[in-house]
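Overview (structure and organization)
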Amino acid sequence: MTGQQPQKIGAALGAVPETALWTLYHRAVEARRWDTVLPDPRAVELVERIDYPFEERFGPDGGIIGQIQALRVRAFDREVADFLVRCPRGTVVCLGEGLETQYWRVDNGRAQWLSVDLPEAVALRERLLPPAPRQRLLACSATDPAWTDEVDAGHGVLITAQGLLMYLRPTEVRDLIARCAERFPDGTFVFDAVPRWFSRAASQGKLHDRGYTAPPMPWGMDADEQWKLATAHPAVAEIRDVLPTGGRGPVGALLPYAARLPVLGAHRPSVVALRFSARAGRGAAAGTVVR
């Protein structure tokens, strides 16, 4: 029957997996703009297919939140795209991927992709975004070492964790970085972090809008504390701050500038790239990432 609308798919998720719907919604709002900084038709399509009260739950997006989220996502996209230039047959591991649509934005037609997420998130992703031949979905917590056995590291590995580490305990963050450094000594790990004040506010239930309250975020790291990440494992060879670029209007003009201000820049959200090397940091002691 022509003109029939596809049946919508429900999305009943727990507190942390539900954050994937928050990021998806704001990404889609930004993608609908004629002057978007992140073309993402898949995100728009997903919001239309999911039976969920997005605007009622998360509120209307006037453009600022959506653009900030899109610029964060673009930082990850740049890192993945650069990796695929260096390692065109490499493996991209996406921890806690949720409903991210990065594969459709930056895939090069040759790489392998592994999505690692909690069972309820994987089940929803399977219905909405069935994996292509070079994509695999693994229902497994990012803190479970078992996922590392599923990675083909023969042609290079890049691991991403978008909107994930802040929901882990500090010891779990340390262990995850150390595990990646140990198992993938020539790999790269790209993740984002919220500053300490933001982590405290979330853990106290103060981050809320309309019908939504962000779940607790046990781990926070100020941007000027990134050097502490080197204590997670001797194989951490490089720590690089990945700054937002290509923004629109006042947001685009102010974000890169604000990141370089002494006080404001130290207490901002950040995207960090860690490069591992088996030859780095011989004799360095492993320790706590951030307390």
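Summary of the structure given here. (Residues numbered from 1 in each chain as written. Predicted model: local features only at pLDDT ≥ 70, side-chain atom pairs only at ≥ 80, totals over all residues. Heavy atoms only, no water.)

A word on the nonpolar core
Across soluble globular proteins, nonpolar side chains have a tendency to be buried as a group. Ranked by size, the top nonpolar core spans 32 residues in total, and within it Leu95, Trp147, Leu165 and Phe189 carry the most contacts. For this core, the secondary-structure elements that each account for two or more residues are β3 (91-95), β4 (112-117), β6 (157-161), α7 (170-183), β7 (188-193) and β11 (270-276). Broken down by element, this core gets its largest block of residues, 5 residues, from α7. Beyond its immediate chain neighbours, meaning those up to four positions away, leucine 95 contacts Val116, Ala142, Trp147, Ile159, Thr160, Ala161, Gln162, Leu164, Leu176 and Phe189. One finds Ala43, Leu124, Tyr167 and Val194 within the second-largest nonpolar core, a separate group that totals 28 residues. (Core = buried A, V, L, I, M, F, W, Y, C linked by side-chain atoms within 4.5 Å. Buried < 20%, exposed > 50% of the residue type's maximum accessible area, 1.4 Å probe, protein only. Helix = DSSP H or I, 4+ residues; strand = E, 2+ residues; numbered from the N terminus. Contact = heavy atoms within 4.5 Å.)

With respect to the sheet that holds strand β10 (residues 236-242)
Hydrogen bonds along the backbone pair up the strands of a sheet, which may run parallel or antiparallel. The 7 strands are arranged β5-β4-β3-β6-β7-β11-β10 in an open sheet whose pairing can be described as mixed. Each edge of the open sheet carries a strand with a single partner, namely β5 (135-139) and β10. Pairs of neighbouring strands in the sheet enclose a mean axial angle of 20°, with direction left out of account. Across 4 bridges, β6 lies against β7 in parallel orientation. Each bridged residue has a counterpart across the sheet, and for leucine 158 the counterpart in β7 is threonine 188. Across the sheet, helix α6 (residues 119-128) is in contact with β4 and β5; its angle to β5 comes to roughly 145°. (Pairing = 2+ DSSP bridges. Axes fitted to C-alpha atoms, helices over the stretch in contact; angles between N-to-C directions.)

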